[in-house]
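The primary structure of each chain is shown beneath.
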Amino acid sequence: MYNSTQAQRGKGSSNFKYSLIFLIVILMSVLILPLAVNSEPGVNLSAAFINQMGKKYGQRAKLRLNRWQKLIKDLRSVNEKTKLKKVNDFFNRVRFIDDLTHWRKKDYWATPVEFLVTNGGDCEDFTIAKYYTLKAVGVDMAKLSIAYVKALDYNQAHMVLTYYSTPRSEPVILDNLIPQIKKASKRKDLLHVYSFNGDNLWVSKKGRRDKLVGSSDRLGPWVKLQKKLKTQ
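Residues numbered from 1 in each chain as written. Predicted model: local features only at pLDDT ≥ 70, side-chain atom pairs only at ≥ 80, totals over all residues. Heavy atoms only, no water.

Q: Describe the packing of aromatic side chains, naming the residues involved and giving the relevant values.
A: A ring pair, where both rings are aromatic, is described by two values, the distance of the centres and the angle of the planes. According to the stated counting rule, one finds 12 aromatic pairs in the structure shown. For the pair F90 and F91, a centre-to-centre distance of 5.0 Å together with 90° between the ring planes defines the contact as edge-to-face. The buried category is assigned to F90, whose relative accessible area is 13%. With a centroid separation of 5.1 Å and an interplanar angle of 90°, the aromatic rings of Y131 and Y132 are classed as edge-to-face. Accessibility expressed as a relative area gives 3% for Y132, which makes it buried. Put simply, the rings of W109, Y131, Y132, Y148, Y194, F196 and W222 touch in pairs and so form one group of aromatic residues. (Phe/Tyr/Trp six-rings, centres within 6.5 Å; stacked < 30°, edge-to-face > 60°. Buried < 20%, exposed > 50% of the residue type's maximum accessible area, 1.4 Å probe, protein only.)

Q: Account for helix α4 (residues 80–91), with residues named and values stated.
A: Under the 1.5 Å per step criterion, the end-to-end length of α4 is 17 Å for 12 residues, consistent within 8% with the ideal 16 Å. For α4, the complete set of buried residues consists of E80, K83, L84, V87, N88, F90 and F91. Angular distribution of buried residues about the axis of α4 spans 160°; they occupy a single face of the element. Where the residues of α4 are buried, they touch α3 (59–75), α6 (112–117), α7 (123–136), β4 (156–163) and β5 (172–174). Capping of α4 at its N-terminal end is provided by N79; its side-chain oxygen lies 3.2 Å from the backbone amide nitrogen of K81. (Helix = DSSP H or I, 4+ residues; strand = E, 2+ residues; numbered from the N terminus. Expected span 1.5 Å × (residues − 1). Arc of directions from axis to C-beta. Contact = heavy atoms within 4.5 Å. Polar contact = N/O pair within 3.5 Å; in protein donor to acceptor, adjacent residues only side chain to side chain.)

Q: How would you explain the pairing of β4 if you had to name every residue and give the values?
A: Within β4, 6 of the 8 residues are buried, which leaves the element mostly enclosed by the surrounding structure. Relative to β4, strand β3 (residues 144–151) runs antiparallel, the two sharing 8 bridges. Within β4, the residue paired with V149 across the bridge is H158. The pairing of β4 with β5 spans 3 bridges and is antiparallel. Across the sheet, L161 pairs through a bridge with L174, a residue of β5. (Pairing = 2+ DSSP bridges.)

Written out as structure tokens, the structure reads:
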């Protein structure tokens, strides 16, 4: 016969079940949240998208995208010095091809996906890919700047990525011209002009952000790049 004691036990069991479900939901939120925080449009790719790119550009392009996604996953839990080196090394293996040859355009800023599936790009493409990948693995955007410089040895415009470990520290340079990551003061071959990131635009001096002159949305190619990233 069903009595009040059994009813109480049933109620207790039900409460325990709901508490367990609530705990599981909380734990899942904690585990998933870091991935959501580091999510970057055009960087964290679905398997379906990678397969689509493989059909369009070939299996080697698919392999490069999968290696990139694995790199992002592997680097989320390591220190920032390791992140810088691994990301710099990964992208510096891609071929350098000037925009006119590669894209039939005088100046074209490719997304990281475009850069990898075509296995080529110029200095802007190397720098943009490194910038977004480092953001995706948890490096604060405030520590990163895309720097427009003059490469004195080549007497031409060039672009590199700068990283500040602290706001007052001397930045280091990630560059496709050389494999080593060096402090700005050690790169006498670069004359800094301006730098920017997702928010701000600065005039640069001796490798450092010198004077804030506005927001990065003043740069037309950068704005176009943001729009392309949202479609990938």
